[in-house]
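Here are the chains, one letter per residue:
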Amino acid sequence: MNEKPKAIEISLPPQPALLRQVVRLLEKEGEIAGSLSLQDKLVEICPDDWNARLSQYEMYLAAGQPEAAARRLEQATDDALQDAHRTSKFRRLLRSRNRLRLLANFERAALARNPADIRAALSGSQALLDSRDFAGAQALLAEFAQRPGHSAIACKRLTMGIRTSGLDQLLDVVLHGLAAGSSHQLAAWLSGHEDDDLATELLDRLERSQAPGWSSVAVQLARIARMEAAGRHDEADRAHARIESAIAVERVPQLASPTASTLMFRNPPLLSALVVVARWYVERSGKARIHVAACSTGEEAYSLALLLDKAGILDACEIMASDFDPALVRRARTGVVDARSMEATAPDLLEKYFTRQADGRYRLDGGLLSKIAFHVRDLRDAPAIQHDLVIADNVLVHYPEEEAARMLTSISAHAAADGVLCLGGGLAPGLGARVKALGWVPLLQGSETIHEAWRTQRKAWYLNPRPYWALPPARMLDAQPLRRTTLFARSEAMAAALGPLVARAIEAVDGT
Ligand SMILES: C[S@@+](CC[C@H](N)C(=O)[O-])C[C@H]1O[C@@H](n2cnc3c(N)ncnc32)[C@H](O)[C@@H]1O
């Protein structure tokens, strides 16, 4: 007689090795329910036994209980994502057992927890590729790379990770995504990449990728930065000159003329001298009325306002900034500055006063911007009001000497009776005498102590050697650095009192 044996219950001591053996035995005998409950017990005792966790999932699947299996896998995934050690153990196990779909899902869960997890993105896309799901791998990486805000280091890790893990066919997807989401950081990384061949290859690929948000100008700028870093200055200058108008046209159509060029902190010694002059007025009359004339897109006024704030006297200053080109004034009112123009801005000031926009440009703090009143004014017209400090930097160089001489008279009239005049950027030889004839006294002995930003000058000169900047690149001249007259007072007495203060401020920045 064939009698079914009676089920007997035995309790086993909680020893993992013994439990494993009994589970195997019961499985072999077809005792599904018993083997499942013992496997649950094993997982309960050894939650970090990832083999057991995976087997548990597979046993439930094999037993025709997909929902219970999914619950257990979900729990295992949660536990594995508790820390990096567990994560990498579970990841390794899934890969070594060739559970590619499970691995891809695991990495998706990892990315849901930490959207910046580069390893998860790489491992997930690799798993999908290995399981011949090219489209899935492409989508996962594209989504990851496009997420904005990857740092330069993240761009590097992701791109190099793609190369070293043999995912080369996905490199364009990654470059395209990074270019769309974090183009500034990607450019920063490629600008300074130590391997020239690799950087050139990546820049070429990038240029071909035509990612939204990425322009050929940005690629060229990264290439130029590489030339500069390699000491190939002439080549860099020429390359820059070739795209100068493209940069201007791309950003502000009205800027196609290089005469509107300006930069943040274009002339730091001069700016610091201007702060000293402003303080002079604040200490004597409780306020300083400042006119930044010919302000172009506003960077000079922004830089000065920012330094006045840093010096604690901004609230006592009335700043007007003007240009005769309405389009430039409109742009200046926005407070938006191109990244290229920010090169000389100290990181702490950048952090404190600017916000980086998604397009890679910077926006000046609204409070600071509101302290500057922008107006359209032609310096040749009679002034509506006079100011204590009138700054007309890098404007007279654009005019033929005779016209510049006539303009000097009207610029002079913009300054108050005890005002200070700043004429930075170079004066043609005859204009020095003209300034004196108008009663202006240089603030500094041999008042040629403030000079221009040479890097910018070189680039502009290559583009337009004749009138703009008037001077060839510094290294083509014997005089190094070439210096120009800049600051003037209305009287000898004022020049004698203010001159030494200004000289000290310049020396502190310039080291000369
Ligand atoms: C090279 S930018 C100088 C910008 C800024 N001052 C600097 O040094 O960075 C010259 C500016 O002078 C302006 N400009 C030229 N002639 C002018 C005039 N007659 N009145 C007002 N602005 C003038 C131009 O529009 C241009 O923006």
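Our subject is the structure listed above.
This structure is a prediction, so every number in the text was calculated from the model and none was measured.

A. Region of interest: the side chain of Thr345. Positionally, Thr345 belongs in the loop between strand E3 (336-337) and helix H17 (347-353). For Thr345, a relative accessible area of 7% puts it in the buried group. Apart from residues lying up to four places away in sequence, Thr345 is in contact with Met264, Phe265 and Leu350.

B. Geometry of the sheet that holds strand E7 (residues 387-392). In spatial order, the strands read E6-E2-E1-E7-E8-E10-E9; together these seven strands make up an open sheet with mixed pairing. Of all strands in the sheet, those bounded by a partner on one side alone are strand E6 (372-376) and strand E9 (441-442). Taken together, the three bridges between strand E8 (residues 415-422) and strand E10 (residues 487-489) define a ladder with antiparallel strand orientation. Among the inter-strand pairings, Val420 is bridged to a residue of E10, identified as Ala489. Helix-sheet contacts for helix H14 (residues 268-285) involve strand E1 (288-293), strand E2 (317-323), E7, E8 and E10, and the interaxial angle to E8 is about 165°. Each of E2 and E6 touches helix H16 (residues 326-334); the most contacted strand, E6, lies at about 165° to it.

C. Structural view of unusual backbone geometry. Phi is positive for Arg132, which is not a glycine, with a value near 65°. With a phi close to 50°, Phe265 is a non-glycine residue in the positive phi region. Its place among the elements puts Phe265 in the loop between helix H13 (233-251) and H14.

D. A look at the packing of helix H3 (residues 50-62) against helix H5 (residues 84-96). The interhelical angle for the contact between H3 and H5, taken along N-to-C directions, is 55°, at an axis separation of 10 Å. Relative to H5, the element H3 lies oblique. H3 and H5 meet at a crossing whose hand is right-handed. Facing H3, whose interface residues are Trp50, Asn51 and Leu54, H5 presents Arg86, Lys89, Phe90, Leu93 and Leu94. Tallied by class, the residues present in the contact of H3 with H5 amount to five nonpolar, one polar and two charged.

E. Structural view of the sheet that holds strand E5 (residues 362-364). Spatial strand order, E3-E5-E4: three strands in an open sheet with antiparallel pairing. A strand with exactly one partner marks an edge of an open sheet, and here the two such strands are E3 and strand E4 (354-356). Of the pairings in the sheet, the one linking E4 to E5 comprises three bridges and is antiparallel in character. Its bridge partner lying in E5, Thr355 is registered against Arg363.

F. Spatial organisation of the pairing of E7. Within E7, six of the six residues are buried, leaving the element largely enclosed by the surrounding structure. The pairing of E1 with E7 spans four bridges and is parallel. What sits directly across from His291, in E7, is Val390. Judged from the four bridges that link them, E7 and E8 form a sheet pairing that is parallel. When the bridges of E8 are listed, Leu389 appears paired with Val420. With helix H19 (residues 401-413) bridging E7 and its parallel neighbour E8, the resulting β-α-β unit is right-handed.

G. Expanded view of the site of the ligand. Taken together, 22 residues sit near the ligand, with Thr262, Arg266, Asp323, Asn394 and Tyr399 positioned nearest. Within the side chain of Glu300, an N or O atom sits 2.7 Å from a nitrogen atom of the ligand. One nitrogen or oxygen atom from the side chain of Asp378 is found 2.9 Å from a nitrogen atom belonging to the ligand. A total of 600 Å² of accessible area belongs to the ligand in isolation, and the protein chains cover 97% of it.

H. Spatial organisation of the pattern of salt bridges. Applying the stated rule across the entire model yields 26 salt bridges. With its nearest N and O atoms 3.5 Å apart, the salt bridge here joins Arg97 to Glu58. Separated by 39 residues along the polypeptide, Arg97 in the loop between H5 and helix H6 (100-113) and Glu58 in helix H3 bring together distant segments of the chain. Accessibility expressed as a relative area gives 23% for Arg97, which makes it partly exposed. Relative accessible area serves as the criterion here: at 22%, Glu58 is assigned to the partly exposed category. Residue Asp204 pairs with Arg223 through a salt bridge whose shortest N-O separation is 3.0 Å. Taken together, the positions of Asp204 in helix H11 (residues 196-209) and Arg223 in helix H12 (residues 216-229) put the pair 19 residues apart, joining distant regions of the chain. Overall, the relative accessible area of 31% leaves Asp204 in the partly exposed class.

I. How the structure looks around the environment of Met494. Relative to the elements of secondary structure, Met494 occurs in helix H22 (residues 492-510). Taking the C-alpha atoms as reference points, Met494 and Leu443, 51 residues apart in sequence, are found 8.1 Å from one another. Setting aside residues up to four positions removed in sequence, Met494 forms contacts with Trp280, Tyr281, Asp418, Gly419, Val420, Leu443, Ala489 and Gly499.

J. Broad picture of helix H15 (residues 299-310). When the terminal C-alpha atoms of H15 are compared, their 16 Å separation across twelve residues agrees well with the 16 Å that a helix rising 1.5 Å per residue should span. Burial runs high along H15: ten of the twelve residues are buried. A positive backbone phi angle near 80° is found at Gly312, which sits one or two residues after H15.

K. Seen up close, the packing of aromatic side chains. One pass over the full model with this rule turns up three aromatic pairs. Centre to centre, the rings of Tyr302 and Phe374 are 6.3 Å apart; their planes meet at 80°, and the pair counts as edge-to-face. Highlighted residues: Tyr302 in helix H15 and Phe374 in strand E6, separated in sequence by 72 residues. Phe374 shares its class with Tyr302; the two are buried. The positively charged end of Arg72 is found above the aromatic ring belonging to Tyr60, 4.0 Å away from the centroid. Over the ring of Trp280 we find Arg284, and its NZ or CZ is 3.6 Å from the ring centre.

Conventions adopted
Residues numbered from 1 in each chain as written. Predicted model: local features only at pLDDT ≥ 70, side-chain atom pairs only at ≥ 80, totals over all residues. Heavy atoms only, no water. Helix = DSSP H or I, 4+ residues; strand = E, 2+ residues; numbered from the N terminus. Buried < 20%, exposed > 50% of the residue type's maximum accessible area, 1.4 Å probe, protein only. Contact = heavy atoms within 4.5 Å. Pairing = 2+ DSSP bridges. Axes fitted to C-alpha atoms, helices over the stretch in contact; angles between N-to-C directions. Parallel < 35°, antiparallel > 145°, perpendicular 65-115°, else oblique. Left-handed = near helix turned anticlockwise from the far one by under 90°. Nonpolar A, V, L, I, M, F, W, Y, C, P; charged D, E, K, R; others polar. Right-handed = clockwise from strand over helix to strand, strands pointing away. Near = heavy atom within 4 Å. Polar contact = N/O pair within 3.5 Å; in protein donor to acceptor, adjacent residues only side chain to side chain. Areas by Shrake-Rupley, 256 points an atom, 1.4 Å probe, with all protein chains shown as cover. Salt bridge = Lys/Arg side-chain N within 4 Å of Asp/Glu carboxyl O. Expected span 1.5 Å × (residues − 1). Phe/Tyr/Trp six-rings, centres within 6.5 Å; stacked < 30°, edge-to-face > 60°. Lys NZ or Arg CZ within 6 Å of the ring centre and 35° of its normal.

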